[in-house]
Amino acid sequence: MTATPQDTASQDTASTQPGAAFPDTGTPAADLLAKIRADRPGDIDWKHGKAFSLVYNVDDPELDGLLCEVAHEFLHENALNPLRYKTLLAMEMEVIAAATTLFGAPEMSGSLSSGGTESIFLAVYTAREHGSDRGIATPNVVTATTAHPAFNKACHYLGVEQRRVPHGPDGRADVEAMLAAADANTVMLVGSAPCYPFGVIDPITDLAAAADAAGYLCHVDACLGGWLLPFWQRIGREVPPWDFRVEGVTSLSADIHKYGYCFKGVSTISYRDPDLAKKQVFWFEDWPGGLYASGTAAGTRPGPPIAGAWAVINHLGVEGYSRLARRVAAAADGFRAAIESVDGLGITSNPEMSVWEFGLTEDSDLDLGALAASMDARGWALDAQPGGLHLMLSPGHDKVVDQFAEDLAWAAAADTIATNSAVPYGSVVGLSDS
Ligand SMILES: *Cc1c(COP(=O)(O)O)cnc(C)c1O
């Protein structure tokens with residue numbers, strides 16, 4: 001359809017009306033940058049270590065500089081067709097190979113995705129297809145209630161039923177109850193290593209053995225722990241078995257943009273069996289544009305996350321990741337001690353890693369909402385969830401341990417509670433994210 005002169009005129013008028021969102025004229029780059037930078041003070045200041053969960057602060061200028069350079073280098077490249085950009089393809093293969101080694105998979109298989117949600121989507125899709133090949137038309141996936149909402153989302157998108165089973169009293173998946181919820185239409189059991197809300201690792205050995213015996217797939221969601229736990233163990237921390245070294249684990253998601261310390265947009269989905277991984281690939285031949293094949297949910301795939309993941313892995317190596325794990329451990333120990341030294345505060349369950357919930361002990365006379373508000377007043381941005389406050393420690397938190405201890409003790413003091421108790425606690429549930 002061609003535009004009549006009248007159409008053009010009305011479009012012109014529309015674009016100059018008050019409130020029109022599309023700019024009429026361009027703005028010089030320097031002015032835009034100045035504007036963005038002037039607006040930034042309204043954002044959370046994570047660089048000083050008072051924010052959690054959404055940013056993994058390494059506090060290492062050399063790594064940050066490398067990531068900026070690499071992102072710049074591949075700013076416009078597209079990894080949709082891997083044969084067009086062979087450097088990106090080689091980098092992606094090396095990252096998948098690194099993940100294979102790290103997670104103890106017997107063979108190299110899987111892919112890079114845009115994040116944990118996409119990795120989980122792919123795992124659920126693969127399980128659905130695997131079930132379909134076995135005649136299961138109405139598949140279900142069994143998870144604990146602590147499993148990340150990405151499973152709810154994937155099941156919703158993919159027409160798979162999710163059976164959510166209450167976790168045990170220790171916050172971990174209840175394998176017996178999960179088995180009881182499973183049936184002939186179950187395609188996969190899911191465990192987390194660790195789960196986001198409590199930071200505890202589900203009993204993967206039991207879960208995977210049960211899945212194996214019943215003929216179900218078993219996915220481990222290590223989005224959070226995948227790139228930290230191997231080094232956590234290496235620096236001497238107790239880590240229960242959670243990866244492909246556990247018999248019966250068939251797929252595993254792990255986010256490089258969390259404790260892998262890359263910028264956002266990169267995660268790994270790995271499989272024990274390359275034949276299972278093949279079910280992930282989508283082929284379409286009957287298109288005037290030719291064969292269209294794609295291994296993940298995305299079409300166009302940005303180059304920077306792939307190049308960034310490759311760069312950070314090669315820059316840090318086992319040694320660098322272990323060094324950062326030590327800093328995370330120091331921060332976690334310090335924050336834990338600070339919480340436990342306040343009368344009336346306690347950590348939920350017994351988390352293995354650097355992520356947990358803390359809240360009021362049974363006999364506590366503290367007001368958690370007031371405490372959170374007092375911490376806010378001192379610049380902290382603690383995440384709230386139904387049972388308490390949530391903390392996730394990064395390497396950059398090692399330098400604010402003393403300040404956290406001091407501010408928490410101050411916030412817990414009765415007089416500060418009296419002045420801040422107007423803030424309702426729990427009203428921001430749903431805003432906390434990983
Ligand atoms: C972050 C997270 C996810 C989802 O990952 P996104 O990168 O946010 O899409 C899934 N599972 C767990 C345990 C997570 O912490």
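For the structure given in this document, a descriptive report is provided here. Numbering of residues begins from 1 in every chain and follows the order in which that chain's sequence is written. Per-residue local features are limited, in this predicted model, to residues with pLDDT of at least 70; the limit for side-chain atom pairs, both in listing and counting, is 80 or more; totals at the level of whole chains, interfaces and linings are taken over all residues. The side-chain numbers reported here are obtained from all heavy atoms of the structure, hydrogens and water having been left aside.

**A closer look at the sheet that holds strand E4 (residues 186-192)**
Inference 1: A pair of strands is treated as paired once DSSP finds two or more bridges between them. The way it works is that DSSP assigns letters per residue, a run of H or I at least four long becomes a helix, a run of E at least two long becomes a strand, and they are numbered from the N terminus. Sheet architecture is open: seven strands sit in the order E1-E7-E6-E5-E4-E2-E3, paired in mixed fashion. Whereas interior strands pair on both sides, the edge strands pair on one side only; in this sheet they are strand E1 (110-113) and strand E3 (161-165). Sheet twist, expressed as the mean angle between neighbouring strand axes with direction ignored, is 20°.
Inference 2: With five bridges joining them, E4 and strand E5 (residues 217-221) adopt parallel strand pairing. Looking at the pairing, Val190 lines up with His219 of E5.
Inference 3: Taken strand by strand, helix H5 (residues 116-133) contacts E1, E4, E5, strand E6 (251-255) and strand E7 (267-271), and its axis lies near 25° from that of E7.
Inference 4: Whether two residues touch is decided by their heavy atoms; if any such pair falls within 4.5 Å, the residues are in contact. For helices, the fitted axis covers only the stretch in contact; all axes are lines through C-alpha atoms, and the angles between them, taken along N-to-C directions, range from 0 to 180 degrees. Together, strand E2 (140-144), E3, E4 and E5 form the strand contacts of helix H6 (residues 149-158), whose direction differs from that of E3 by roughly 155°.

**Looking at the packing of aromatic side chains**
Inference 1: Centres within 6.5 Å make a pair out of two Phe, Tyr or Trp rings, where for Trp the six-membered ring is used; the pair is then stacked when the planes are under 30 degrees apart, edge-to-face when over 60, and tilted otherwise. A full pass over the atoms with the stated rule returns 14 aromatic pairs.
Inference 2: The interplanar angle of 70° and the centroid separation of 6.0 Å between the aromatic rings of Phe103 and Trp242 together place this pair among those described as edge-to-face. A residue pair is termed long-range when its members are at least 10 positions apart, and Phe103 in the loop between helix H4 (86-102) and E1 and Trp242 in the loop between helix H9 (229-234) and E6 qualify at 139 residues. Both residues of the pair, Phe103 and Trp242, count as buried.
Inference 3: Taking the centre distance of 6.4 Å and the plane angle of 75° together, the rings of Phe121 and Tyr157 count as edge-to-face. Here Phe121 is found in helix H5, whereas its partner Tyr157 is found in helix H6, with 36 residues between them in sequence.
Inference 4: Relative accessible area serves as the criterion here: at 21%, Phe121 is assigned to the partly exposed category.
Inference 5: Burial status follows relative accessibility: with a 1.4 Å probe on protein chains alone, a residue under 20% of its type maximum counts as buried, one over 50% as exposed, and anything between as partly exposed. By relative accessible area, which is 58% here, Tyr157 ends up exposed.
Inference 6: Taken together, Tyr56, Phe103, Trp227, Phe231, Trp242, Tyr259, Tyr261 and Tyr321 form an aromatic cluster joined through their ring pairs.
Inference 7: We call a charge positioned above a ring when the Lys NZ or Arg CZ atom is no farther than 6 Å from the ring centre and deviates by at most 35 degrees from the ring normal. Above the ring of Trp232, the side-chain terminus of Arg237 is found at 5.5 Å from the ring centroid.
Inference 8: Lying across the ring of Trp356, Arg336 places its NZ or CZ 5.8 Å from the centre.

**Here's the deal with the sheet that holds strand E10 (residues 345-347)**
Inference 1: Ordered by their spatial adjacency, four strands build an open sheet running E10-E11-E13-E12, and the pairing between neighbours is antiparallel. Each edge of the open sheet is held by one strand with a lone partner, namely E10 and strand E12 (383-385). Ignoring which end each strand starts from, the neighbouring axes of this sheet average 35° apart.

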